[in-house]
Every structure is written in C-alpha cells, then in structure tokens.
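Spelled out, the chains give:
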Amino acid sequence: MSKATAWQARTPQGDASPWGRAPTGERRLVGTRSFWRMIIPGATAFFTGGCLMILVLAASRLMARSVGSSLYTWTSVVGVVLTGLSIGNYLGGRSADRYHTRRALAVLFGLSSAACVGMVVANNLAGEWLGLWRLNWPSHVLLHVLLVLLVPSTLLGAISPIVATMALDQGLASGRTIGSVYAWSAVGGIFGTFLAGFFLIAAFGCATILWFLGAAMLLVAVLYWISCWAIYLWAMVFMALAAMGMARYPWAQEAGTAALLRGRPEPGIVYEAETPYCHVSVQRVATRPEKRTFMRDRFPRGEMVVDDVTHLQDFHSRVFAALTRSSGGENKRLSLLVLGAGGYIFPRYLKATWPNTDVEVVENDPGVTTAAREAFGLDRYTAIETIRMDPRSYVDRLHKRGRRGRDAGRYDFVYEDALWDSALPFPLTTREFHDQIAGLLADDGMYMIHLIDARSSGQLLGAVVNTVREVFPHVYVIAEQAGRQSLSDTFVVVAAKRRLDPQAILREQDQHLRCSVLSDADLDDLKERCGGVILTDDYAPVDTLLAPAVTQGAPENLARQCLGKAREMQDIGRYEQSISWYRQAAQTDPAVAVEAYGQVGLMYVAQNKPQDAVTAFCRALQVHGETGSGQAAVGSVHMNLGKLLGRLDKPKEAKEQLTQAVEWFRIELGENPCSAALWESLGDTSATLGDFKGASDAFDQAMALEPRNPSHYEKLARALEFQHRYEAAAAVVHKHIDLMQEQGRRDLAGQLRDYEDMLRYKKVKQAKQAK
C-alpha cells in the first residue's frame, strides 16, 4: 500500500484531505450531518449538566438548614461533587464499553431520579442523626454532605462518557465529538446555575425542585428505553412518593414525615419562605404573652413580644438599648445605623423609643422584610429606612462619600447584628471595615457588635476584639451570665472614641440584666487564645476561629434535638419514651436539665408515680444549684414540687417549696412583666399558701394582660371572696358575665349571675354585721 493510500485509510470519512480543502458543498453536507447526529447527544449532555448544577445548589440550600453555609459547607460540597463526578466518569467509561449506550443511559437517568428522592431522605435522616453532633464541626459537615450528594453526583457523572460513546458510534470525528459533548454539558451547567440561583429556588423551594428534577430525569429514562417495564414500575412508585412528599393533604404530610420524605415540622411555625439568600421562618415560642422567634436556616436570630416592641427579649438587644438610652436620652434626635435587620425587632424598638430618630437598616435579603411584615406586624409604610444592599458595600459607599466630607461623623450609634452562626460574613469583621465605621461614627458615638462564641474557646471573640482595638482606643466586652456550664455565650463588643463605664451604665439602665464586663486581663487572655490574629480583608479565617466554639456548642444542638423528640412523645402520651429522651437531653446539656427534669416530674405525676416525681423535681433543683442554669423554669419546679408534697401530707416541706416558688416568680416577673402565665402561676401559688391578697394582685395583673381569658376572672373573684371583699368580687364577676355573653356562652353567664347575687348578699350581710 502506498503512503497516500495508507494516509487516506486513516483519515475519517467526510474529513477534508490533508493535501487540500474539500469542495464547499461537501463540507456543508458533512456539517449538516454532524449537526443532526449531535442533537440527541448534545441535548442529553446539556440536560445532564443543568440537572447537576440545579441539584447541587438546591441540595446545598436544603442542607444549610442543618449545617449552615460556611466555608466548611461549600468546601465539602465542592469536594464531594468532584469526587462523585470522578467516580462516575470512571464507571461510566467502563459501562460504555460493556453495555448498550441507550439502555445504559435509561438506567442511569432512572437511578438518578431515585437518587433525587434519596437526597431528600438522606438530608432529613442526617439532620435527625444525633450521632453527627458528637463529631467535630468540620467532620459533621463533611459527613452530612457526603450522605446527601455523593450518590447523585456519581450517577450524573457516569452519563457524560456514555453520551460521548453514543455520539462516536455514529461515525463522527472523535476529537470534535468529545469536545462538543463536554462543551454542551458545561453550557447546561451554566444555564442550570443561573436558572436555579436567580429563579427556581426563590420561586419553588429546594425540596420541590428536587422532586421536579427527579420527574424530569425519569421522563428522559422512559424516552431512552420505552419498552423497559421496570422504569414504568419505578414511575408509579415515584408518583406515590411525590404525593407523600409534596401534597398538602394531612394524610400525605403524616406519611411523608414518617417516611423522611419531608422535614419534621418545627412546632409553632407561623411563617416560612425560601428567599434568594436563605430559608426564613418565624416560630411561636410562647403564647402568654405571644412571643415569636425569627430564624434563618433554622438558626434563631431574635425573639419578640408581638404586642410590645419595647419589651426586648434578647440579651444583645437589651445591652444595645441600655447603652443607647445612657447617651441618647428620650428627646434627643439621633442618627442610627443597624447592620442586619434580624426580623426588625431592635430597629422597631429604636423607632418606638425615639420617634424622631433616623433609623437606617441595611439588609440585603428582601425576604427578611417580608417575614417581618407577615409575622411581626411591621408596617408596610414604616418610617424605618431599609437599604437593600450588602452591609459592607453600603459602608464602603458611605466611606467614599465621607472622604469628600459629606458623611463623616454621621452616626451616633452603629449596631452590627449580622455575625451569628457558622456562616459569618468575614468582610464585616476586618480592620478595614472597622476603619470605615470609625470614620462614620460621631466623636461621642458607640459601635456595638453582637457575637456568639464559647467562653472556653474564645478564639473568634479574641480575634474580633484584637482587631477592633487596632482602630478604637476604648473597647469593652459585655458577656451574658448564662450559667456556669454554658456551652455557648453571647457577647457584645462595644467600641468608642471616649472612655465609658459599661458596668455602671447597664446597672443603672437595666437592673435585671445578668451580665459581666470582661476585665483587661480577660481581654489579654483572649488575645493569647487567638494567637494575636488581626483580621484583614486579605486574611480573615473566621470559620477556623469559630469551629472550636461550634464543636463545643454541638451538645446544645444535640440536646435541642432530644427535647424535640421528647415533646413529640409526650404529646402522644408515650411517657416512658419521652422520659428517656428528656434524660438524654439533660445529660447532654446542663443548660436544659432543669426544664427536662421538670417535665419528667410532671409525667410521673400524670402516671401516678409521686415518689418518682419528687425525685425528678429534686434533681432539677439540684442541677440548678450546681450549674446556675434554667432559671426560667425554677419557679415552676418549686411550685409543682410544693403541690405534690402537699398531696403527700408533708405541709412543712410543701410550704417551703411554694414560698421559694413565689420568690422565683417575682424574680422572673421583674424581667418579664408582660407574662400573663407567670402572673397566673404567682397567683395560684400565693393562693395555695393562703396569701389571698398577693393572689388577687397577681390575678388582676394577669386579667389586665389577657382580658379575654375567663379563668383570670374566676380566680380573681375567688381570691377577693376569701378576703371578704365581696363588692370587688361581684364587680369582677359582672365583667366575667359580660365576657361570657360576648362569647355566646349564655348558660355559663346564667350560673355566674347566681354567683354574683350570692356575693352581693354576702356584702349586705357583712354591712349589717358591721353595724
């Protein structure tokens, strides 16, 4: 064979000769044939790439509710997806050599459809797997991501080699064909990324997207192998699972939750939505008064009394408010900047306390504003000015204007409330950012930063304090006294250009605030712990600094999971299982032990096991004495123990416990005077002790807070009757009658009239005896 003949034999049919260009018509014919032959492989590659990126983004947002969206999270996501793609590419290449390409693609798309369902189940399973919380935080995040993303990324990674083989089987040029397949896959990935990020997630939610992706891939599987009965069987199963996972019928919600096709619903959720930035929800945590907690990706961001915006609940908000009152006065016009809306809880307090004040809130997530309107009653036309920008970008813009002399010294107070969970926005922690804040702050102003860290670690707190001290001459750290064995602590870093006395200010402005101001020796110790790190725009390892605190705080999250399961069992009457979960929660986190053992005692009372109940109540009080935690539940434990001891014919011990319960209720009411439940408990306990004057005063307060609660009228009337204050008791009963008539309960109103007549008769008889 001649050299020319050998060369032509190696040249693919339809390609141009190396010695010259093929005729124009022939080139067009070859190009047209190549185009039509690449339509199906190209479309398949495009679809696969788009599905992969949509799946990754949706799953990442879904997992963020359990593991946040920190650097560790995204590192794990990228690493696991690349691992899956690598394994998939290898396995897909081997499959392409052994099996029919179209049937192999049908099987892979069918399995990928099943993997979408598996991702929902795996995420819910990992979120409830208590063992994960016993690992260090990076390992926890990595294992969670591995369980959710490895299998689907492997299956989708196996598709591209098979698609390339299918295209090559049609006689197309190898280099151009393989390049086209992977190019179309990349284009599909780009398209899927923008589609998911800019539209799908905010419009439909993450779990819904995974279900629709599963349906789309199942349809492609049917198209590739129409005669395969197994695919049709899986299609029927998929439709049943989709109904359980997405339908709004009660039976579907119960079945889907039991099968882990839905996340276990948090109790008391009154609002939730998927925003372009996170999952936003609002949870009712108390009803007397109505208290709601604002959460982003299931991490609490602030608590509010719905009917009273001036009654702040969070430690950092109370510190912010106290320091502002000390310098702001009541009538002074202030200029305030809040970085991070936090449900608009603190900004609304500022506007209600200083109506003439300019309050600017920088919040880049419009979903936060919507949640505040829907669940917290934020006025659509509020005078609070909201800036829809990233806080760092807005401060940069103000700083540039300040260099031109326009905004220098503009603000009296700057509050930074955006540094919360494991996904810290590091640009708000750097020296350059604090420099810009200092330029915007008035000479007598204050800059306050809210931080969560573990006191035993303190690396992040130390780095932030160390960095702020590089800019401001006077820096103070105020710590919450949350119990001697608290696993995580709340801190407020206060920076100013003048000397302050935070301890004296807080003692004067908020007597019930339990806090301490760290000494200079404490600050030096924090500096040593963080290794003297100065956070800059170029170097800010906040995730690494916070990791020890997140790991140490894992028992708190584990205990919260145990409490959720315990309450679930308690609600359905499975007391033994509930008691087991409560005990596990108490052993995991001492901060919840008082509440846990208190609930155990109540369940033993319900089971008619008084001695076990006494033991549980005493254990709760012992834990409180040892750790100083659970102060909010101590009063109820003393009250329940006192009542139980009274039934056991131990009057002396019962009186002692009830007396301590009264003291604790009064302490709690000093901090929460709007709690009708506390006033009622105080009244019940005082009445049991025979202090009917104290009981009537407490019931009167409860009635003022809950004027539509009939039990307050009844108890107040009885307490007044025992004091022989018949006229006052009759007046209360008359109001009770009006309430019952308004509520349509005429039979009870008739009985109350007889009671009112009896009280008026006693009043007349009392007057005659006095004469």
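Just so it is clear, the structure is predicted and the values come from calculations on it, not from any experiment. Starting from 1, residues in each chain are numbered consecutively following that chain's sequence as written. Local features in this predicted model are restricted to residues whose pLDDT is 70 or higher, and side-chain atom pairs enter the listing and the counts only when it is 80 or higher, whereas totals over whole chains, interfaces and linings include all residues. The side-chain figures draw on all heavy atoms in the structure; neither hydrogens nor water molecules are used.

Quick look at the pattern of salt bridges
No. 1: Here a salt bridge means any side-chain nitrogen of Lys or Arg lying within 4 Å of a carboxyl oxygen belonging to Asp or Glu. One pass over the full model with this rule turns up 26 salt bridges.
No. 2: A salt bridge links Lys 609 to Glu 576; the nearest nitrogen and oxygen atoms lie 3.5 Å apart. With a gap of 33 residues between them, Lys 609 in the loop between helix H22 (593-606) and helix H23 (610-627) and Glu 576 in helix H21 (residues 575-588) connect regions that are remote in the sequence.
No. 3: Across the pair Lys 715 and Glu 680 runs a salt bridge, and its minimum N-O distance is 2.7 Å. Here Glu 680 lies in helix H26 (residues 676-689) and Lys 715 lies in helix H28 (residues 710-722), a separation of 35 residues in the sequence. Strands are runs of DSSP state E lasting at least 2 residues, helices are runs of H or I lasting at least 4, and numbering of each runs from the N terminus.

A word on a negative patch on the surface
No. 1: Like charges within 9 Å and nonpolar side chains (Val, Leu, Ile, Met, Phe, Trp, Tyr) within 5 Å are joined into patches, using only residues over 30% in relative accessible area that form no salt bridge. For the area figures, the Shrake-Rupley method with a 1.4 Å probe applies, and any residue is considered shielded solely by the protein chains shown. Only four residue types enter the tally: Lys and Arg on the positive side, Asp and Glu on the negative side, with His and both chain ends excluded. One atom stands in for each charge, and that atom is NZ of Lys, CZ of Arg, CG of Asp or CD of Glu. There is a patch of like negative charges on the surface, built from Asp 520, Asp 522, Asp 524 and Glu 528.
No. 2: Position of Asp 524 among the secondary structure elements: in helix H18 (residues 520-529).
No. 3: The cut-offs for exposure are 20% and 50% of the maximum accessible area for each residue type, with area from a 1.4 Å probe on protein chains only; residues under the lower value are buried, those over the upper are exposed, and the others partly exposed. Residue Asp 524 is classed as partly exposed on the basis of its relative accessible area, which comes to 41%.

Some details on empty space enclosed by the protein
No. 1: A pocket here means an open set of points on a 1 Å grid, computed over the protein atoms alone, that has protein on both sides within 12 Å along at least five of seven lines. A cavity is instead a set of points where a 1.4 Å probe fits but cannot get out; residues with an atom within 4 Å of a point line either one. Grid points are joined across faces, edges and corners, and a volume is the space filled by probe spheres set on the points. Summed over all chains, the structure comprises one cavity of 30 Å³ or more.
No. 2: Approximately 30 Å³ is the volume found for the largest cavity.
No. 3: Lining the largest cavity we find Phe 320, Val 338, Gly 340, Ala 341, Phe 346, Pro 347, Tyr 415 and Asp 417.
No. 4: Partitioning the lining of the largest cavity into residue classes produces six nonpolar, one polar and one charged. When residues are sorted by character, Ala, Val, Leu, Ile, Met, Phe, Trp, Tyr, Cys and Pro go into the nonpolar class, Asp, Glu, Lys and Arg into the charged class, and all the rest, Gly among them, into the polar class.

With respect to the sheet that holds strand E11 (residues 489-496)
No. 1: The strand order E7-E6-E5-E8-E9-E11-E10-E12 describes an open sheet built from eight strands, whose pairing is mixed. Each of the sheet's edge strands pairs with one partner strand only, and the pair in question is strand E7 (385-387) and strand E12 (515-517). In this sheet, adjacent strand axes meet at a mean angle of 20 degrees when their direction is disregarded.
No. 2: Strands are labelled as partners when DSSP assigns at least two bridges between them. With three bridges connecting them, strand E10 (residues 474-480) and E12 associate as antiparallel partners. Along E12, the bridge assignment pairs Ile 478 with Val 517.
No. 3: Contacts were defined at the residue level, with two residues in contact if any of their heavy atoms lie within 4.5 Å. Axes, fitted as lines to C-alpha atoms, cover a helix only where it is in contact. Angles between the N-to-C directions of the axes lie from 0 to 180 degrees. Against the sheet, helix H15 (residues 431-440) engages strand E5 (335-339), strand E8 (411-416) and strand E9 (441-453), with an angle of about 145 degrees to E9.

With respect to the packing of helix H4 (residues 101-128) against helix H5 (residues 137-157)
No. 1: The geometry of H4 relative to H5 is characterised by a closest axis approach of 9 Å and an angle of 175 degrees between their N-to-C directions. Relative to H5, H4 is oriented roughly antiparallel. Of the residues in H5, those in contact with Leu 108, Leu 111, Ser 112, Ala 115, Met 119, Ala 122, Asn 123, Ala 126 and Gly 127 of H4 are His 144, Leu 147, Val 148, Leu 149, Val 151, Pro 152, Leu 155 and Leu 156. Any angle that is under 35 degrees is reported as roughly parallel, and any over 145 degrees as roughly antiparallel; angles of 65 to 115 degrees are reported as roughly perpendicular and all others as oblique.

Things to note about unusual backbone geometry
No. 1: Although it is not a glycine, Leu 260 adopts a positive phi angle of roughly 65 degrees.
No. 2: The class for Leu 260 is buried, based on a relative accessible area of 16%.
No. 3: A positive phi angle, near 65 degrees, is found at His 724, a position not held by glycine.
No. 4: Its location among the elements puts His 724 in the loop between H28 and helix H29 (726-742).

Quick word on a nonpolar patch on the surface
No. 1: A surface patch of nonpolar side chains, about 590 Å² in accessible area, is lined by Ile 190, Phe 194, Phe 198, Phe 199 and Phe 204.
No. 2: Topologically, Phe 204 is positioned in helix H7 (residues 174-204).
No. 3: For Phe 204, a relative accessible area of 45% corresponds to the partly exposed category.

With respect to H22
No. 1: Given a rise of 1.5 Å per residue, 14 residues ought to cover 20 Å, and the 20 Å separating the end C-alpha atoms of H22 matches this to within 8%.
No. 2: When we look at burial in H22, the residues that qualify are Ala 593, Val 594, Ala 596, Tyr 597, Gly 598, Val 600, Gly 601, Met 603 and Tyr 604.
No. 3: Turning to H22, the residues buried within the fold contact helix H20 (554-571), H21, H23 and helix H24 (631-647). To estimate how far a helix should reach, multiply one less than its number of residues by 1.5 Å.

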